[in-house]
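Descriptive structure summary
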Amino acid sequence: MQRTAQLTADRTTPPFAYDPLHTRAVRVLEENWTGGSTVPSRGLYPHQWSWDSAFIAIGLRHVSPLRAQTELETLLAAQWADGRIPHIVFSPSVPLDAYFPSPDFWRSSTAGRAAGAPRTVQTSGIVQPPVHALAAWLVHRADPELSRERGFLSRLYPGLAAWHRYLLHRRDLGGGGLASVVHPWEQGMDNSPCWDAPLARVRPAPARSFRRADLGHGAAEDRPTDLDYGRYVRLAADYRDRGYADGGHADRKHADGEAGFAVEDPAFNALLIASEHALARIARELGATGTARHARAHRLTASLVERLWDPAAGLFLCRDVRTGGRIPERGVSGLVPLLLPDLPREVAAALVRTLRGPHFGLGDTTRLVPSYDLLGESFDPHRYWRGPAWFNTAWLVERGLRVHGEPERADALRESFLRIAGSSGFAEYVDPYTGEACGALGFGWTAALTLDLLHDPEGAESAMDMSGTSGFKGGNRA
């Protein structure tokens, strides 16, 4: 077999190669491998997803740095000329009716022509959270010799820089320096109650105008409602029909459509900041200073605190760009900025208190971090992003706890993560109280991030790279 097709054919035998959990996680990634990328799951998600591939590469680096590099290279090969990395890269071998919205809905090569959509591959026209530069740097660190031999970073850097330019300039719809999402699917936490208020302005597409493939893979009571799904379809169709054009903050009504969906999300922007730090490190590896990028990341952190931090809530809140107000819903997105090293000390401390308090209950009533406020009116422990715990957000919070000097709490979360990942069959998400599996099994990023926590148990590599400086000690900013 070719080296890229095997996870056991790299230069050294992984130290956890004979650990049963390691072996099972590797098997999931082997089964989800398509030859150039890894699908999140064979049934429900049969194509390549953007932030899934970034998280998958972070785990793959421990067992096959070459395949981790290939994962990111395949994704960036579908980047648009305007810099955006699409949230789905469609496989031509998958039937159109296997997933909706399918390529014939997005019409990327025609509707996206003005924005520079590729002609040789079909993609969606929206984006997902920018974890990619962080993933690329961690993959490089796993085998610097192989990375340099292949010119991995030098080939990816221009695309990653263009991706950040797109978000920082074309998506600054609020005029405050932060990137906005123009669709709930872009933020990745698709069905969060944080979107309910801005989505309520959207007139849903008629139910007869689309067919939901997701209901063939999961119970309807665990998935978004038909009403919400109709709104998702309407937003995506309107964006497509505008040629996937993004407007500036002064042209907010045109940019967001009549419905006015544009939201500054704390997790999306925190991941952009962490990746900006990583991109600075990549620049230094390639011979530049990286100073300007680190400075930009610090400025973005200050903007994030200024615009989205809510002291009374004890976490970051989303901002509705159309109304200018913060959305008073507590989602796990508001805890993800804990991974940023230069948060004010009191902000980091408040996030830890909120994580452990009654709204999220970690270490007390919940086993993993719930995706939504336990006390919120819309909380549901099984419905998609309205309460269940997800493994990628748990990984981000675990890394953040280490960045800010909370190793014991991070250790407890890591232990819970690994135990539940294994017992749930590497589920897509789980009941936050019981760990009961929900959604797809054999899920790609669950398996990959399991490998990362097995191989980097103290988060030394990730925490250092999120900090932007190897000597950083978290939680010290006055």
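Note that the structure is predicted; figures quoted are calculated from it, not measured.

**Some points on the environment of N269**
Relative to the helices and strands, N269 resides in helix 13 (residues 266–285). Of the residues examined, N269 reaches a relative accessible area of 2% and is grouped as buried. With 139 residues separating them in the primary sequence, N269 and P130 have C-alpha atoms 8.3 Å apart. For N269, the residues in contact, after removing those within four places along its chain, are L178, A179, E264 and L304.

**A word on the packing of aromatic side chains**
With the rule as written, the count across this model stands at 26 aromatic pairs. With a centroid separation of 5.1 Å and an interplanar angle of 80 degrees, the aromatic rings of F391 and F417 are classed as edge-to-face. Taken together, the positions of F391 in helix 16 (residues 391–403) and F417 in helix 17 (residues 407–423) put the pair 26 residues apart, joining distant regions of the chain. Note on accessibility: F391 and F417 belong to one class, buried. An aromatic cluster is defined as three or more aromatic residues linked by ring pairs; in this entry it consists of Y45, W49, W51, F55, Y99, Y384, W385, W390, W395, Y429, F443 and W445.

**A look at the pattern of salt bridges**
Under the definition given, this model contains 25 salt bridges. The partner of D246 in a salt bridge is R84, and the shortest N-O contact between them spans 3.5 Å. Here D246 is found in the loop between helix 11 (226–241) and helix 12 (252–256), whereas its partner R84 is found in the loop between helix 3 (65–76) and strand 2 (88–89), with 162 residues between them in sequence. Each member of the pair, D246 as well as R84, carries the same accessibility label: buried. Put simply, R319 and E264 hold a salt bridge, and the shortest N to O gap is 3.8 Å. Here R319 is found in strand 7 (residues 319–320), whereas its partner E264 is found in strand 4 (residues 263–264), with 55 residues between them in sequence. For the pair shown, R319 and E264 are each scored as buried. If you follow the salt bridges from partner to partner, you end up with R61, E398, R399, R402, D411, D452 and D456 in one network.

**Examining the confidence of the model for the protein**
Taken residue by residue, the protein gives an average pLDDT of 89. The fraction at 70 or more is 87%. Below pLDDT 50 for its whole length, residues 8–14 participates in 16 contacts with residues either more than four positions away or in separate chains. For the stretch residues 469–478, pLDDT sits under 50, and the model shows 20 contacts to residues farther than four places along the chain or on other chains.

Conventions adopted
All residue numbers refer to position in the chain's written sequence, counted from 1. Only residues with pLDDT of at least 70 are given local features in this predicted model, and only at 80 or more are side-chain atom pairs given and counted; all residues enter the totals for whole chains, interfaces and linings. Side-chain descriptors were evaluated using all non-hydrogen atoms of the structure, hydrogens and water having been removed beforehand. Working definition: helices are DSSP H or I runs of at least four residues, strands are E runs of at least two. Numbering for both runs from the N terminus. For every residue, the accessible area (1.4 Å probe, protein chains only) is compared with the maximum for its type, and the residue is labelled buried under 20%, exposed over 50%, or partly exposed between those bounds. Throughout, a residue-residue contact means that at least one pair of heavy atoms, one from each residue, lies within 4.5 Å. Side-chain rings of Phe, Tyr and Trp, where Trp is taken by its six-membered ring, are said to pair if the distance between their centres is within 6.5 Å; with planes under 30 degrees apart they count as stacked, over 60 as edge-to-face, and otherwise as tilted. By definition, a salt bridge exists where a carboxyl oxygen of Asp or Glu is found within 4 Å of a side-chain nitrogen of Lys or Arg. Summary of the metric used: pLDDT quantifies the predictor's per-residue confidence within the range 0 to 100.

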